[in-house]
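Residue strings, one per chain:
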Amino acid sequence: MILGIDTSLGTAVAAIARDGEVLADEQSANPLGHAEVIGDLLRRASSAVAPTHVAVGMGPGPFTGLRVGIATARVYALGRGVPVVPVPSHDGVALGVLLADALTGTETGRFAVVTDARRREFAFSVYDGIDDEGLPVRLSDAALSPRDDLDARLDEIGARRYDATSVSAAMIALVAARALDADRTLTGAEPLYLRSPDVVAAHAPKRVS
């Protein structure tokens, strides 16, 4: 059993069997209320399962949102005594696109997963097909682009644009399951923020004479 958690856009928690069967799928589309809802979603999704791994979406995403999901995944895994499997959030979106197209017999071709990075920027990752281990073939890691420049950049590399407004925790868990079966590490333990956080440390207090 694999528990999937992602807070790169909304908040999503799901549980799947190792073969991909979805056992629970809970989500909230609110892009800001991660901390308020994740505990309830986690309780509902994990109530009837005993996960052997916790898969967590590492972004790209906003600083605060990602911290909530990653911290929750690490604390839950520590309490259960199971390992955490980090997954690029765009990989979960890409796998969902590829599986949906396979079901309809659609030729996917090269495409880019695009998410809103705020500050008039988009985050995007480029994919082209699925490999023998059932994982999306990522041609480029997540990067930022000004909103007005993205379409031209994608046209240059012949990539169709796919705008994602949510990330499926079930797909995050399925990517993790396939990576585990293939003995592959998809990303490191550091979140994919792509830019520095808005909050900065306060200056030292001024001396008063």
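Predicted, not measured: the structure shown is a model, and the values here were computed from it.

Undergrad: Is there a simple way to think about the nonpolar core in this case?
TA: In globular proteins that are soluble, nonpolar side chains generally tend to be buried together. The biggest cluster of nonpolar side chains holds 30 residues, and the ones touching the most others in it are I2, I16, V87, F111, V113 and V175. Listed by contribution, the elements that provide at least two residues to this core are β2 (11-16), β5 (84-87), α3 (89-104), β6 (110-118) and α5 (169-181). Of the residues forming this core, the biggest block, 10 residues, is contributed by α5. Those residues in contact with I2 that lie beyond four places of it in its chain are A14, A15, I16, R18, H53, A55, A173, A176, A177 and L180.

Undergrad: Would you mind going over the pattern of salt bridges with me for this structure?
TA: Oppositely charged side chains are able to pair whenever their charged atoms sit close together. Within this structure, the stated rule accounts for 14 salt bridges. Linking E133 and R184 is a salt bridge whose minimum nitrogen-to-oxygen distance equals 2.6 Å. Of this pair, E133 sits in the loop between β7 (121-130) and β8 (136-146) while R184 sits in the segment after α5, placing them 51 residues apart in sequence. When its relative accessible area of 38% is taken as the criterion, E133 is described as partly exposed. Accessibility expressed as a relative area gives 33% for R184, which makes it partly exposed.

Criteria and thresholds
- Residues numbered from 1 in each chain as written.
- Predicted model: local features only at pLDDT ≥ 70, side-chain atom pairs only at ≥ 80, totals over all residues.
- Heavy atoms only, no water.
- Core = buried A, V, L, I, M, F, W, Y, C linked by side-chain atoms within 4.5 Å.
- Buried < 20%, exposed > 50% of the residue type's maximum accessible area, 1.4 Å probe, protein only.
- Helix = DSSP H or I, 4+ residues; strand = E, 2+ residues; numbered from the N terminus.
- Contact = heavy atoms within 4.5 Å.
- Salt bridge = Lys/Arg side-chain N within 4 Å of Asp/Glu carboxyl O.

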